[in-house]
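Chain by chain, the residues run as shown.
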Amino acid sequence: MQDSSVDIVKQRQFVGNIIIAVLTEKISVKKGLLLFPKGCEDPSIHAAWHALCHYEADEDIKAKDIDYNDQQVELLELIAFTFKDGNPLPQNIIDAYKPYYQEDPISYDTGLKGVIKKLFRFVNF
């Protein structure tokens, strides 16, 4: 149990660093998304992944609406600084992104286990 909580803390810190690298334009959003830990079950990390996806997807809206852009940057900064100490995100942020988790590619492990999970996604029981 101890190892898994330590792993989650390290994963959150790693993701926080990814977000900071994206915001400081050291890496692209696409590269940042690809660096997220695979097979992670932490709802905070899932929410962060989706927040970063939305940041990329809303590029045209952000260009037209500076307030919207500022809100997205502030949210990503909040996530990054929350993760700096390994803390989970506030529940309202997790809940806001929860509807998107089913289609979340970071949920899948690599290798055979990941392939099996991906296949079961298409099977309705």
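Just so it is clear, the model here is predicted, and its values are computed rather than measured.

Caption draft 1: Representation of the packing of helix H3 (residues 43–57) against helix H5 (residues 66–84). Between H3 and H5, the shortest axis-to-axis distance is 10 Å and the interhelical angle comes to 150 degrees. Put simply, H3 runs roughly antiparallel to H5. Helix-helix and strand crossings are classified by hand; for H3 and H5 the assignment is left-handed. On H5, the residues that touch Ser-44, Ile-45, Ala-48, Ala-51, Leu-52, His-54 and Tyr-55 of H3 are Gln-72, Val-73, Leu-75, Leu-76, Ile-79 and Phe-83. Grouping the constituent residues of the contact of H3 with H5 by class yields ten nonpolar, three polar and no charged.

Caption draft 2: Examining a negative patch on the surface more closely. Judged by side-chain charge, Asp-65, Asp-67, Asp-70, Glu-74 and Glu-77 come together as a negatively charged surface patch. In this fold, Asp-65 is placed in the loop between helix H4 (59–64) and H5. Using a relative accessible area of 34% as the deciding quantity, one classes Asp-65 as partly exposed.

Caption draft 3: A look at the nonpolar core. Ranked by internal contacts, the top residues of the largest apolar core, which has 24 residues, are Phe-36, Leu-52 and Ile-79. Those elements that place two or more of their residues in this core are helix H1 (2–23), helix H2 (29–35), H3, H5 and helix H6 (91–97). Ranked by residue count, the leading element in this core is H3, at eight residues.

Caption draft 4: How the structure looks around the confidence of the model for the protein chain. Overall, the predicted model of the protein chain reaches an average pLDDT of 83, with 78% of residues at or above 70. Mean pLDDT across the elements of the protein chain ranges from a minimum in helix H7 (residues 112–120), with 47, to a maximum in H5, with 95. Low confidence marks residues 113–125, where pLDDT is under 50. Its contacts with residues over four positions away, or in another chain, come to eleven contacts.

Caption draft 5: Geometry of unusual backbone geometry. If you check the backbone angles, Glu-25 has positive phi at about 60 degrees while not being a glycine. Mapped onto the elements, Glu-25 comes out in the loop between H1 and H2.

Caption draft 6: Region of the structure containing the side chain of Gln-72. Within the secondary structure, Gln-72 sits in helix H5. By relative accessible area, Gln-72 is classed as buried at 10%. Polar side-chain contacts of Gln-72 include one of 3.3 Å to the backbone oxygen of His-54. Apart from the residues within four sequence positions on either side, Gln-72 is in contact with His-54, Tyr-55, Asp-58 and Lys-62.

Caption draft 7: Looking closely at H5. Over its 19 residues, H5 runs 27 Å from end to end, which matches the ideal 27 Å to within 8%, given 1.5 Å per residue. Buried within H5 are the following residues: Asn-69, Gln-72, Leu-76, Ile-79, Ala-80, Thr-82 and Phe-83. The N-terminus of H5 is capped by Asp-65, whose side-chain oxygen sits 3.1 Å from the backbone nitrogen of Asp-67.

Caption draft 8: Fine view of the pattern of salt bridges. A complete count under the given rule lists one salt bridge for this structure. Residue Arg-12 pairs with Asp-42 through a salt bridge whose shortest N-O separation is 2.8 Å. Here Asp-42 lies in the loop between H2 and H3 and Arg-12 lies in helix H1, a separation of 30 residues in the sequence. By relative accessible area, Arg-12 is classed as buried at 10%.

Reading the values: rules and limits
- Residues numbered from 1 in each chain as written.
- Predicted model: local features only at pLDDT ≥ 70, side-chain atom pairs only at ≥ 80, totals over all residues.
- Heavy atoms only, no water.
- Axes fitted to C-alpha atoms, helices over the stretch in contact; angles between N-to-C directions.
- Helix = DSSP H or I, 4+ residues; strand = E, 2+ residues; numbered from the N terminus.
- Parallel < 35°, antiparallel > 145°, perpendicular 65-115°, else oblique.
- Left-handed = near helix turned anticlockwise from the far one by under 90°.
- Contact = heavy atoms within 4.5 Å.
- Nonpolar A, V, L, I, M, F, W, Y, C, P; charged D, E, K, R; others polar.
- Patch = residues over 30% accessible without salt bridge, like charges linked within 9 Å, V, L, I, M, F, W, Y side chains within 5 Å.
- Areas by Shrake-Rupley, 256 points an atom, 1.4 Å probe, with all protein chains shown as cover.
- Salt bridge = Lys/Arg side-chain N within 4 Å of Asp/Glu carboxyl O.
- Lys, Arg positive; Asp, Glu negative; His and termini not counted.
- Charge placed at Lys NZ, Arg CZ, Asp CG, Glu CD.
- Buried < 20%, exposed > 50% of the residue type's maximum accessible area, 1.4 Å probe, protein only.
- Core = buried A, V, L, I, M, F, W, Y, C linked by side-chain atoms within 4.5 Å.
- pLDDT = per-residue confidence, 0-100.
- Polar contact = N/O pair within 3.5 Å; in protein donor to acceptor, adjacent residues only side chain to side chain.
- Expected span 1.5 Å × (residues − 1).

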